[in-house]
Amino acid sequence: MLRPIRRDIYHSSGQGFYVFRNFLGPDVATHMQRFWSDLDPMLIHRTLPSEGIKALFNGCPDYSYGKQHGDHRGFLNFFWNHPADEVSYAVAMQVQWLRNRVMGKAPQADIFPLNGRAVSYRAVISMRGKVVTRPHRDFDGDDWIRDPSKLQATLFLCTPGADYTGDGFTLETNGGDSVRFGHEVPVACGDLVLWRYSNHHSVLNVESSGDQCGFIRLLFPIEDIAAQPIPAETISTEPLPEDGGAPSQRPFWEAFLLRVKATPLGQRVLVPIWHRVRTH
Amino acid sequence: MGLDPQTLIDMALAFNIPPSGYFTQWDELGNWQIDILKQHGIKPEHRLLDVGCGMMRLGSLAIPHLEVGNYYGIDPTGPLLALGRVILDRLGIDRPYSLLQSGSFEFEHFGVSFDYAIAQSVITHLSRPQVARCFEALKAVMKPGGTFIFTYLLGNYAPPLGFFMDGVAPMIRPGLADESIFEELAQRLDFRFVASSEPHPSQKVGICTF
């Protein structure tokens, strides 16, 4: 059962993603869409500190950012907390198990921070924005050498075209093409997409009106989790990717290296050599 | 010319084996293995036992270096051995070699004695009784003066830990706070053990002389 899924995601001729259609039944999908859409970020969740995800620690509360009627808002939920929504908790646990199985990890990996990191099931609602998540890669370069299996999951709690318009979630395939979910790849509310984290991805040009719910999805980022709270003055600010999508302020040389690493020559030859030089 | 990481990943997927650092660090660890064997004097006429040979990472370098038929590999996982054969074919390595699928250290099955043996990240996946059985089995097949090179991990708080290898294969980490288990085995089985200072990308290195 896992073989065709892994092939689609990881093979050089594969797409770099796999869509589990109707992963959620209509009742569950509708419930989750309404729950997160209606939830006031200030009601249950604590406001995410300005240090962002660098402030996360074992046992920290669930956090939110953004305003109820703003362009973007999100809810960072952790498995160690009493769930705001029991349904989302149960679904998120299943997604994490499935992702781990596809990646070849133990099913329970990164649910709790036994190794200093844990998943947050993050409900993200984007009503509108030109650059919601700037184009970028995660876990590429040296991180890819250490573990090339890393996947991200996007659980659609909306239907592109019906609930929002615009490009939305865009992903580079393993062959270097760019596909937009809801355009080149049909997706609907309740579909789950597992995709290769190191492939270039973005969320762009989202537009919705007052009677649409916007681009609502559950993401599953693996966060570094400190053992104890970290004094705020010792950490720098870390904006979330979808928090307005501010372009990174990388020096020219670093940005150039990132572009080189992303090429087929970079990934297949230069990065492995660089990894060996660094580790010896 | 070796195979790049993505090509190895593509080949592994045919056997439903997910990507891992095993493929992306293929050259790094394979070269470490063949280099340390050469540093310790392996010559083409010597016989080599590759314990936990897996997908023939070392085999792909050792088989061309050794005289025909002098490479012997053993591993408990069938799909890894099958992939290893495919990788050797892809690399055009058609010299004879011997492989055995076994997880019970049946080194005597090959019916020869060995000048060298190596176990890269194998001891780290065995229980203490399995470590003892591995060394007992080696003692029976290593030539006098033969060399066994292996890697291991130490930890301050190191109880045995069960874990899933690649999310599917149940295994045990022995939980070693120090090298005493190897020293005790060396004394009981009459071989010399040295905790080597040889550098390794991620583990410690032990050298045994039988």
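Figured I'd write up the structure that's included with this text. In this text the structure is predicted, and so the values were computed from the model without any measurement.

1. So, the overall build of chain B
The number of helices and strands found in chain B is seven helices and nine strands. Since a compact globule built from 210 residues should have a radius of gyration of about 17 Å, the 16 Å found for chain B is in line with a globular shape. Its C-alpha atoms give chain B principal-axis dimensions of roughly 45 × 40 × 30 Å. Relative to its 210 residues, chain B shows a buried fraction of 40%. For chain B, long-range pairs separated by at least 24 residues make up 66% of all intrachain contacts whose partners lie at least 6 apart in sequence.

2. Some words on the overall build of chain A
A tally of helices and strands in chain A yields six helices and 13 strands. Looking at the 280 residues of chain A, the share that counts as buried comes to 41%. In chain A, the proportion of contacts linking residues at least 24 apart, taken out of those at least 6 apart, comes to 78%.

3. A few points about the interface of chain A and chain B
The interface of chain A with chain B comprises 26 residues on the first partner and 21 residues on the second. Mapped by element, the contributors of at least two residues to the side of chain A that touches chain B are helix 1 (2-10), helix 3 (86-103), helix 4 (142-146) and helix 6 (264-279) of chain A. If you tally residues by element for the side of chain A that touches chain B, the top one is helix 6 of chain A, at six residues. Residue composition of the side of chain A that touches chain B, by class: 10 nonpolar, seven polar and nine charged.

4. Here we look at the nonpolar core
With 114 residues, the main nonpolar core has A:Leu157, A:Leu194, B:Leu48, B:Ala117 and B:Ile118 as its most contacted residues. By residue number, the principal contributor to this core is strand 5 (residues 117-126) of chain A, which donates six residues. Here B:Ala117 is in contact with B:Leu49, B:Val51, B:Leu138, B:Met142 and B:Phe148, once residues within four sequence places are set aside.

5. Examining helix 6 (residues 128-141) of chain B
All names here are of chain B. With 14 residues, helix 6 ought to run about 20 Å at 1.5 Å a step, and its terminal C-alpha atoms sit 21 Å apart, in line with that. Turning to helix 6, its buried residues number three or more, namely Val-131, Cys-134, Phe-135, Leu-138 and Val-141. Seen along its axis, helix 6 keeps its buried residues to an arc of 125 degrees; they face one direction. Among the exposed residues of helix 6, those pointing more than 90 degrees away from its buried face are Pro-129 and Ala-140. Contacts made by the buried residues of helix 6 are with strand 4 (114-119), strand 5 (142-152) and helix 7 (180-189).

6. Quick notes on the packing of helix 2 (residues 26-38) of chain A against helix 3 of chain A
Angle between the axes and distance between the axes: these two values describe a pair of packed helices. All names here are of chain A. At a closest axis distance of 10 Å, the pairing of helix 2 and helix 3 adopts a crossing angle of 120 degrees. Relative to helix 3, the element helix 2 is oriented oblique. Judged by the sense of rotation from one axis to the other, the crossing of helix 2 with helix 3 is left-handed. Here Val-28, His-31, Met-32 and Phe-35 of helix 2 lie close against helix 3, whose contacting residues are Val-87, Ser-88 and Val-91. Grouping the amino acids of the contact of helix 2 with helix 3 by side-chain chemistry returns five nonpolar, two polar and no charged.

7. Observations regarding the pairing of strand 9 (residues 204-209) of chain B
Residue and element names in this part refer to chain B. With six bridges connecting them, strand 5 and strand 9 associate as antiparallel partners. In the strand pairing of strand 9, Phe-150 is matched with Gly-206. With five bridges joining them, strand 8 (residues 192-196) and strand 9 adopt antiparallel strand pairing. Of the residues in strand 9, the one forming a bridge with Arg-192 is Thr-209.

8. Some thoughts on the environment of A:Phe75
Residue and element names in this part refer to chain A. Looking at where Phe-75 falls in the secondary structure, it is placed in strand 4 (residues 72-78). Taking the C-alpha atoms as reference points, Phe-75 and Ser-64, separated by 11 residues in sequence, lie 4.3 Å from one another. Phe-75 has contacts with Trp-36, Pro-41, His-45, Asp-62, Ser-64, Arg-122 and Ala-123, leaving out every residue within four places of it along the chain.

9. Description of the pairing of strand 7 (residues 151-156) of chain A
Residue and element names in this part refer to chain A. Strand 7 sits mainly inside the fold: six of its six residues count as buried. Every second residue of strand 7 is oriented toward a common face, with Leu-151, Ala-153 and Leu-155 on one face and Gln-152, Thr-154 and Phe-156 on the other, all of them buried. Judged from the five bridges that link them, strand 7 and strand 10 (residues 192-196) form a sheet pairing that is antiparallel. Paired with Ala-153 across the strands is Leu-194, a residue of strand 10. In this sheet, strand 12 (residues 215-219) lies alongside strand 7 in antiparallel orientation, the contact comprising three bridges. The residue of strand 12 that forms the bridge with Phe-156 is Arg-217.

10. Brief notes about unusual backbone geometry
A negative phi holds for most residues other than glycine; trans holds for most peptide bonds. In the Ramachandran plot, A:Phe139 falls in the positive-phi region, its phi being about 50 degrees despite a non-glycine side chain. Mapping A:Phe139 onto the fold places it in the loop between strand 6 (129-136) and helix 4. Phi angles above zero are rare outside glycine, and B:Met56 is one such case at about 65 degrees. Locating B:Met56 in the fold gives a position in the loop between strand 1 (48-51) and helix 4 (59-65).

11. Remarks on the sheet that holds strand 6 of chain A
Strand pairing in a sheet relies on backbone hydrogen bonds. The paired strands run either parallel or antiparallel. Residues and elements named next belong to chain A. Read from one edge of the open sheet, four strands run 6-11-8-9, paired in antiparallel fashion. The sheet terminates laterally at strand 6 and strand 9 (178-180), the two strands that pair on one side only. Averaged over neighbouring strand pairs, the angle between their axes works out to 15 degrees when direction is ignored.

12. Concerning helix 3 of chain A
One turn of the α-helix equals 3.6 residues, which is why residues spaced by three or four share an orientation. Residue and element names in this part refer to chain A. Here helix 3 is 18 residues long and its end C-alpha atoms lie 26 Å apart, about the 26 Å a rise of 1.5 Å per residue gives. The complete set of buried residues in helix 3 reads Ser-88, Val-91, Ala-92, Val-95, Gln-96, Arg-99, Asn-100, Val-102 and Met-103. The inward-facing, buried residues of helix 3 abut helix 1, helix 2, strand 5, strand 7, strand 10 and strand 12. Positive phi shows up at Gly-104, right after helix 3, with a value of about 80 degrees.

What counts, and where the lines are drawn
- Starting afresh in each chain, residues are numbered from 1 along the sequence in its written order.
- Each chain takes a letter, starting from A, and each ligand takes a number, starting from 1, following the order in which they are written.
- Side-chain atom pairs in this predicted model are given and counted only at pLDDT of 80 or more, local residue features only at pLDDT of at least 70, and totals for whole chains, interfaces and linings cover all residues.
- A helix here means a DSSP run of H or I that spans at least four residues, while a strand means a run of E at least two residues long, and both kinds are numbered starting from the N terminus.
- When we talk radius of gyration, it's over C-alpha atoms, and the globule rule is simply 2.2 Å times the number of residues to the 0.38.
- The exposure label follows from counting other C-beta atoms within 10 Å of a residue's C-beta, where the C-beta atoms are placed from the backbone and the thresholds are 20 or more for buried and 12 or fewer for exposed, leaving partly exposed in between.
- Residues are defined as contacting one another if the C-beta atoms placed from their backbone atoms lie within 7 Å.
- Classification convention: Asp, Glu, Lys, Arg as charged; Ala, Val, Leu, Ile, Met, Phe, Trp, Tyr, Cys, Pro as nonpolar; all other residues, Gly among them, as polar.
- By definition, a nonpolar core groups buried Ala, Val, Leu, Ile, Met, Phe, Trp, Tyr and Cys residues that connect through C-beta atoms lying within 7 Å of each other.
- Here a helix's expected span is defined as the number of its residues, less one, multiplied by 1.5 Å.
- What the arc covers is the set of directions going from the helix axis to the C-beta atoms.
- Only the contacting stretch of a helix is used when fitting its axis, a line to C-alpha atoms as for every element, and angles between N-to-C directions run 0 to 180 degrees.
- Should an angle fall under 35 degrees it is taken as roughly parallel, and over 145 as roughly antiparallel, whereas 65 to 115 is taken as roughly perpendicular and any remaining angle as oblique.
- Each helix crossing is assigned a hand: it is left-handed if the near helix lies turned anticlockwise from the far helix by less than a right angle, otherwise right-handed if that turn is clockwise.
- Any two strands are treated as partners once DSSP identifies two or more bridges connecting them.

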